[in-house]
Amino acid sequence: MLSAALLLERLGHDDGATAVRAAVDAVVAAGQVTPDLGGHLSTNDVGAAIRARL
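For the structure given in this document, a descriptive report is provided here. None of the values given here were measured: they were computed from a predicted structure. (Residues numbered from 1 in each chain as written. Predicted model: local features only at pLDDT ≥ 70, side-chain atom pairs only at ≥ 80, totals over all residues. Heavy atoms only, no water.)

### Things to note about the overall build of the protein chain
Line of reasoning, step 1. Counting its secondary structure elements, the protein chain contains 3 helices and 0 strands.
Line of reasoning, step 2. If you list the helices and strands of the protein chain from N to C, you get α-α-α.
Line of reasoning, step 3. Judged by the C-alpha coordinates and their principal axes, the protein chain covers about 35 × 15 × 15 Å.
Line of reasoning, step 4. Scored against the burial criterion, the 54 residues of the protein chain give a buried share of 26%.
Line of reasoning, step 5. Once local pairs closer than 6 in sequence are excluded, the contacts in the protein chain between residues at least 24 apart make up 24%.
Line of reasoning, step 6. Accessible surface, the protein chain as shown: approximately 3800 Å² in total, 57% of it carbon and sulfur. (Helix = DSSP H or I, 4+ residues; strand = E, 2+ residues; numbered from the N terminus. Buried < 20%, exposed > 50% of the residue type's maximum accessible area, 1.4 Å probe, protein only. Contact = heavy atoms within 4.5 Å. Areas by Shrake-Rupley, 256 points an atom, 1.4 Å probe, with all protein chains shown as cover.)

### Some remarks on the packing of helix α1 (residues 2–10) against helix α2 (residues 14–29)
Line of reasoning, step 1. At their nearest, the axes of α1 and α2 sit 7 Å apart, and the two run at 165° to each other. Viewed along their axes, α1 and α2 adopt a mutual orientation that is roughly antiparallel. Between α1 and α2 lies a crossing whose hand is left-handed. Contact residues: α1 offers Leu2, Ala5, Leu6, Leu8 and Glu9, while α2 offers Asp14, Gly16, Ala17, Val20, Arg21 and Val24.
Line of reasoning, step 2. Classifying every residue of the contact of α1 with α2 gives 7 nonpolar, 1 polar and 3 charged. (Axes fitted to C-alpha atoms, helices over the stretch in contact; angles between N-to-C directions. Parallel < 35°, antiparallel > 145°, perpendicular 65-115°, else oblique. Left-handed = near helix turned anticlockwise from the far one by under 90°. Nonpolar A, V, L, I, M, F, W, Y, C, P; charged D, E, K, R; others polar.)

What follows is the structure in structure tokens.
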């Protein structure tokens, strides 16, 4: 997801990049993470949580 933010930034879509980063930050801060980060969600679930915050 953060790679997508970098791509958006590179293409001149700074507002979109900022929105993606903010959504990822909010999801991680809420503990909505995969098992490798101590959570229980699947990658699909984390993606859905990020999309919901965009």
